[in-house]
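Tertiary structure, described
These are the residues of each chain, in order.
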Amino acid sequence: MASKKEWQVVFLLDSKRVITHQLDLSEALEQREASEFIVKQLDRGSWWFLEDGVVLHTNAVEGFYLEEGADRTDFSRE
């Protein structure tokens, strides 16, 4: 997959809420690099201020995925 500066991220919160966010990066990253960046942000264990005024506490995030990755992944409730 090509590098790009904008990624659509879906955060799954422990409150069962879903936040979809357009992540704008300062440099172009491949999908793996973008995922690693997000994991580093979440590992900080504090508040993450997203560009559009949404703030989430990183401890509340159960998981996330990049929209493009969901097209190639089968999710199951089992």
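Just above, that's the structure.
Below, the structure is looked at part by part. (Residues numbered from 1 in each chain as written. Predicted model: local features only at pLDDT ≥ 70, side-chain atom pairs only at ≥ 80, totals over all residues. Heavy atoms only, no water.)

Describing the pairing of strand β2 (residues 18–29)
Heads up, the condition is: The pairing criterion is simple: DSSP has to find at least two bridges between the two strands. For helices the rule is a DSSP run of H or I covering at least 4 residues; for strands it is a run of E covering at least 2, with both sets numbered from the N terminus onward.
In the sheet, strand β1 (residues 4–13) pairs with β2 via eight bridges, with the strands oriented antiparallel. Its bridge partner being in β2, Gln-8 is matched across the sheet by Gln-22. The hairpin turn running from β1 into β2, its antiparallel successor, is four residues long, and Lys-16 in that turn takes a positive phi close to 70°.

Points about a nonpolar patch on the surface
Rule in force here: Without a salt bridge and with relative accessible area above 30%, a residue can belong to a patch; like charges are then joined within 9 Å and nonpolar side chains (Val, Leu, Ile, Met, Phe, Trp, Tyr) within 5 Å. Residue exposure ignores everything except the shown protein chains as possible cover, and the areas themselves are Shrake-Rupley values with a 1.4 Å probe. We define a salt bridge as a contact between a side-chain nitrogen of Lys or Arg and a carboxyl oxygen of Asp or Glu at a distance within 4 Å.
Residues Trp-47, Phe-49 and Val-55 make up a contiguous nonpolar surface patch of about 360 Å² in total accessible area. As for its placement among the helices and strands, Val-55 is situated in strand β4 (residues 55–57).

Points about the nonpolar core
Rules: To define a nonpolar core, start from buried Ala, Val, Leu, Ile, Met, Phe, Trp, Tyr and Cys residues and group those joined through side-chain atoms within 4.5 Å. Summary of the burial criterion: residues with accessible area below 20% of their type's maximum are buried, those above 50% are exposed, and those between are partly exposed, where the area comes from a 1.4 Å probe applied to protein chains only. For this analysis, residues touch if any pair of their heavy atoms sits within 4.5 Å.
Judged by nonpolar contacts, the single largest core of 16 residues is most densely connected at Val-9, Phe-11, Ile-38, Trp-48 and Leu-56. In contact with Ile-38, other than residues within four places in its own chain, are Val-9, Phe-11, Leu-23, Trp-48, Phe-64 and Leu-66.

Side note on the pairing of β1
Pairing geometry for β1 and strand β5 (residues 61–66), over five bridges, is antiparallel. Residue pairing for β5: Leu-12 is matched across the bridge by Gly-63.

Focus on the pattern of salt bridges
Under the criterion given, the structure shown has two salt bridges. One salt bridge in this structure joins Glu-62 and Lys-16, with 3.9 Å as the shortest N-O distance. With a gap of 46 residues between them, Glu-62 in strand β5 and Lys-16 in the loop between β1 and β2 connect regions that are remote in the sequence. Here Glu-62 and Lys-16 have matching classes, each one exposed.

As for the sheet that holds β2
Keep this limit in mind: Note on method: axes are straight lines fitted to C-alpha atoms, helices fitted across the in-contact stretch only, with angles between N-to-C directions ranging 0 to 180 degrees.
The three strands lie next to each other as β2-β1-β5, forming an open sheet whose pairing is antiparallel. Looking along the sheet, the strands with just one partner apiece sit at the ends: β2 and β5. If you compare each strand with its neighbour and ignore which way they point, the axes differ by 30° on average. Those strands touched by helix α1 (residues 31–43) are β1, β2 and β5, and its axis lies near 160° from that of β5.

Digging into the environment of Ile-19
Tracing the backbone shows Ile-19 in strand β2. Along the primary structure Ile-19 and Val-54 are separated by 35 residues, whereas in three dimensions their C-alpha atoms are 9.1 Å apart. Not counting the four nearest positions on each side in its chain, Ile-19 is found in contact with Val-9, Val-10, Phe-11, Leu-13, Val-54 and Leu-56.

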